[in-house]
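Understanding the architecture of this molecule
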Amino acid sequence: MAQKKVVAGKVSHGAKKTGEKKENDKKAAAKKISTSSANQEEMLLQALRGMRDILPDEQPYWERVRRALAHASQEYGFRRIDLPTVEYAHLYLRTVGVGTDIVDKELYLFNTRGGDRVALRPEMTAGLCRAYIEHGMGVLSKPIKLFSIGPVFRYDRPQEGRYREHWQANFDIFGENDPILDAQTIQLAYRVIQQLGLKSIEFQVNSIGTPESRREYEKALTRYLEAQKNKLCQNCRERLVKNPMRILDCKEDKCIQLTAHAPQSLDYLDLESRDHFKHLLEYLDELELPYVINTRLVRGLDYYTKTVFEIISSDSEGKKYALGGGGRYDRLIESLGGEATPAIGFGLGLDRIVLEMKRILVKPYQEPRPRVFLAQLGDMAKKKSLKLFSELEKNGILIAESFGRGSLKSQLRVANRLGVEVTIIIGQKEALDDTAIVKDMVSGTQETVTHERLVDAAKKILKTNQDLKV
Ligand code: HAM
């Protein structure tokens, strides 16, 4: 007789019915999550706006980027540093600056349970300088070259290439004033870009001088813009009071037109900054890098002095994207209470670099494919297979398996699909004898070997196949 079960207050007949009921209940619950009062729950099932998962299919592009970065940082003598993603909010107000979009509009600010006012990092330079001072890195021999990679957060309006969480790689050098370091920094950025196969890249450079020379410049710029204030967008009218140089960064057409003939920072440089910029350009000419001087380039962060630069790519319609940017920040460490320490660096936007790689069809990194498959049949063989897997893997053999499948046929189907060159089979007999069948998938021949001889037997076939290919 069919068993009776009480499900959700109703009497249901038989195991099959109970299964159906459960399925229906599940569907009803899912529907509830996606429709009714459960708005909150619905949101749990999707990433926050402007944040995204970087899925396994996309990882080969990221892997190529990570490898190029690791290679370049090694070549140029950078040491890695990892920084916290959260810092005291004050750090960013003091460095990136009040009046910048990043601080005024884009900072993820919150109070901790302990009452600290903190922020998710909107960039890495401020945290890097905090770490430099906190750990007394000033005593190390100069230049101190640091490399960092990780996510940063900006509460911006999301669109393609603009996310609320994006990844950056930062290269920074502390302790050297010489413009040759500026050129070398740009050279390093170019090296990474080249290694990633990116083309149509332009380096835009400018100098915004020392804070002293900039004061004169800002006065002249404000005078010029004040006279035509009404033609500026609302944002820029506010910027005119708080941070007039940011107006040169505005993307609104009317502001672009208005600032086209505005005074330029290059005309207000003091002797030291002018000399520095002249030498930088000479080095860049010598390197034959694709650079242009962009007199409007001021960068959206307050801490820069003298050299600023951006790495710009353009698509087929001429639309431009900044793949990275940076510059000198010779006063930043001192302004945070450290010893006066010149510094220069840049950040690369990795999400944008990956987008660009895909756009121009750069090849992603190719994961090495397993060339050996391990198949097992029966309980005893299954038990032995984990140990054998680890033995083979420890001996440098990249191996695939399908332990969850019982039938040999379905395991061999997987092996075929992967196109492996060797299949190792342990059946009941082999499990008892501590042996395994080693099958050469190319020639079709097979032999039974002891576990001790297994690694050598597999390697021998792989080598023969390799030799045949050469
Ligand atoms: P940044 O120009 O603000 O510089 O950011 C560096 C790069 O990050 C940009 O050129 C862009 O590629 C990428 N990026 C910025 N915002 C977003 C976003 N919302 N979504 C996707 N990618 C984005 C800095 O952050 C400086 N701290 C760099 C630096 C290091 N300067 C000296 N050392």
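Data block above holds the structure.
Scoring rules and cut-offs
Residues numbered from 1 in each chain as written. Predicted model: local features only at pLDDT ≥ 70, side-chain atom pairs only at ≥ 80, totals over all residues. Heavy atoms only, no water. Helix = DSSP H or I, 4+ residues; strand = E, 2+ residues; numbered from the N terminus. Rg over C-alpha atoms; globule rule 2.2 N^0.38 Å. Buried < 20%, exposed > 50% of the residue type's maximum accessible area, 1.4 Å probe, protein only. Contact = heavy atoms within 4.5 Å. Lys, Arg positive; Asp, Glu negative; His and termini not counted. Charge placed at Lys NZ, Arg CZ, Asp CG, Glu CD. Axes fitted to C-alpha atoms, helices over the stretch in contact; angles between N-to-C directions. Parallel < 35°, antiparallel > 145°, perpendicular 65-115°, else oblique. Left-handed = near helix turned anticlockwise from the far one by under 90°. Nonpolar A, V, L, I, M, F, W, Y, C, P; charged D, E, K, R; others polar. Pairing = 2+ DSSP bridges. Core = buried A, V, L, I, M, F, W, Y, C linked by side-chain atoms within 4.5 Å. Salt bridge = Lys/Arg side-chain N within 4 Å of Asp/Glu carboxyl O. Disulfide = S-S within 2.5 Å. Near = heavy atom within 4 Å. Polar contact = N/O pair within 3.5 Å; in protein donor to acceptor, adjacent residues only side chain to side chain. Patch = residues over 30% accessible without salt bridge, like charges linked within 9 Å, V, L, I, M, F, W, Y side chains within 5 Å. Areas by Shrake-Rupley, 256 points an atom, 1.4 Å probe, with all protein chains shown as cover.

It is worth spelling out the overall build of the chain at this point. Across its full length, the chain carries 17 helices and 18 strands. Over its C-alpha atoms the chain spans a radius of gyration of 30 Å, topping by over 25% the 23 Å that the globule rule assigns to 470 residues. Along the first, second and third principal axes, the C-alpha set of the chain runs to 90 × 70 × 50 Å. Going through the 470 residues of the chain one by one, you find that 45% of them count as buried. Taking all contacts inside the chain whose residues are at least 6 apart in sequence as the whole, residues at least 24 apart take part in 69%. Taken as two groups, the 75 positive and 65 negative side-chain charges of the chain have centres that lie 8 Å from each other.

What follows covers the packing of helix α7 (residues 179-195) against helix α11 (residues 271-287). At a closest axis distance of 8 Å, the pairing of α7 and α11 adopts a crossing angle of 40°. Classified by the angle between their axes, α7 and α11 sit oblique to one another. In this structure, α7 meets α11 at a crossing whose hand is right-handed. Side by side, α7 and α11 meet where P179, I180, D182, A183, I186 and Q187 of the first sit next to H276, H279, L280, Y283, L284 and L287 of the second. Residues belonging to the contact of α7 with α11 are distributed by class as follows: eight nonpolar, three polar and one charged.

With five of six residues buried, strand β17 (residues 435-440) lies mostly within the body of the structure. Here four bridges tie strand β16 (residues 422-426) to β17, and the two strands are oriented antiparallel to one another. The partner of I425 across the bridge, within β17, is I437. Pairing geometry for β17 and strand β18 (residues 446-450), over five bridges, is antiparallel. Of the residues in β18, the one forming a bridge with I437 is T448.

What follows concerns the nonpolar core. F174, L232 and Y329 are the most contacted members of the largest nonpolar core, which totals 44 residues. Elements with a minimum of two residues in this core: α4 (89-97), α5 (101-104), α6 (125-134), β7 (144-153), α8 (211-226), α9 (234-242), α10 (253-259) and α12 (332-335). Per element, the largest residue contribution to this core is five residues, and it comes from α6. Apart from residues lying up to four places away in sequence, F174 is in contact with L128, C129, Y132, K142, P143, I144, L146, Y329, I333, T341, P342 and A343. The next biggest cluster of nonpolar side chains, apart from the first, holds 41 residues, and it includes A68, F171, L323 and L348.

What follows is about the pattern of salt bridges. Scanning the entire structure with this criterion turns up 26 salt bridges. K384 is the salt-bridge partner of D434, the closest N and O atoms lying 2.7 Å from each other. Note that D434 is positioned in the loop between α16 (428-433) and β17 and K384 in helix α14 (residues 379-394), a separation of 50 residues in sequence. For D434, a relative accessible area of 36% translates into the label partly exposed.

Moving on, we get to the environment of P143. With respect to the helices and strands, P143 occurs in the loop between α6 and β7. Under the relative-accessibility criterion, P143 is labelled partly exposed at 31%. Distance from P143 to F78, taken between C-alpha atoms, is 9.9 Å for residues 65 residues apart in sequence.

On to the state of the cysteines. Inspection of every chain in the model, using the stated rule, returns zero disulfides. Cysteine C255 remains unbridged, with the sulfur of C233 as its closest cysteine sulfur at 3.7 Å.

Turning to the environment of V422, a few remarks are in order. Along the chain, V422 falls in strand β16. With relative accessibility at 0%, the residue V422 sits in the buried group. In this structure, the C-alpha to C-alpha distance between V422 and V438, residues 16 residues apart in sequence, is 6.9 Å.

As a matter of local geometry, the ligand sits amid 25 residues, with E123, D172, R299, Y304 and A322 nearest to it. The contact in question runs from a nitrogen atom of the ligand to an N or O atom on the side chain of H166, over 3.3 Å. Taken together, the elements giving at least two residues each to the shell around the ligand come down to β8 (165-174), β12 (320-328) and β13 (343-349). Broken down by element, the residue count for the shell around the ligand peaks at five residues, all from β12.

Here the focus is the sheet that holds strand β3 (residues 79-80). Taken together, eight strands build an open sheet; the order of strands is β3-β7-β8-β13-β12-β11-β9-β10 and the sheet is mixed. Of all the strands in the sheet, just β3 and β10 (291-293) have a single pairing partner and so form its edges. Note that strand β9 (residues 201-207) and β10 share three bridges and pair parallel. Looking at the pairing, V205 lines up with I293 of β10. Packing against the sheet, α6 makes contact with β7 and β8, and its axis sits at approximately 45° to β8.

Another point: the sheet that holds strand β6 (residues 117-120). Reading across from one edge, β4-β6-β5 is the order of the three strands in this open sheet, with antiparallel pairing throughout. Two strands bound the open sheet, and with one partner strand each, they are β4 (86-88) and β5 (109-111). Taking each pair of neighbouring strands and ignoring which way they run, the sheet shows an average axis angle of 35°. Taken together, the three bridges between β5 and β6 define a ladder with antiparallel strand orientation. Opposite N111, over in β6, you have R117 as the bridge partner. Running at roughly 75° to β4, α4 makes contact with β4, β5 and β6 of the sheet.

The next thing to look at is a positive patch on the surface. Among the surface-exposed residues, R405, K409, R413 and R417 lie close enough to one another that they form a single positively charged patch. Within the fold, K409 resides in helix α15 (residues 408-418).

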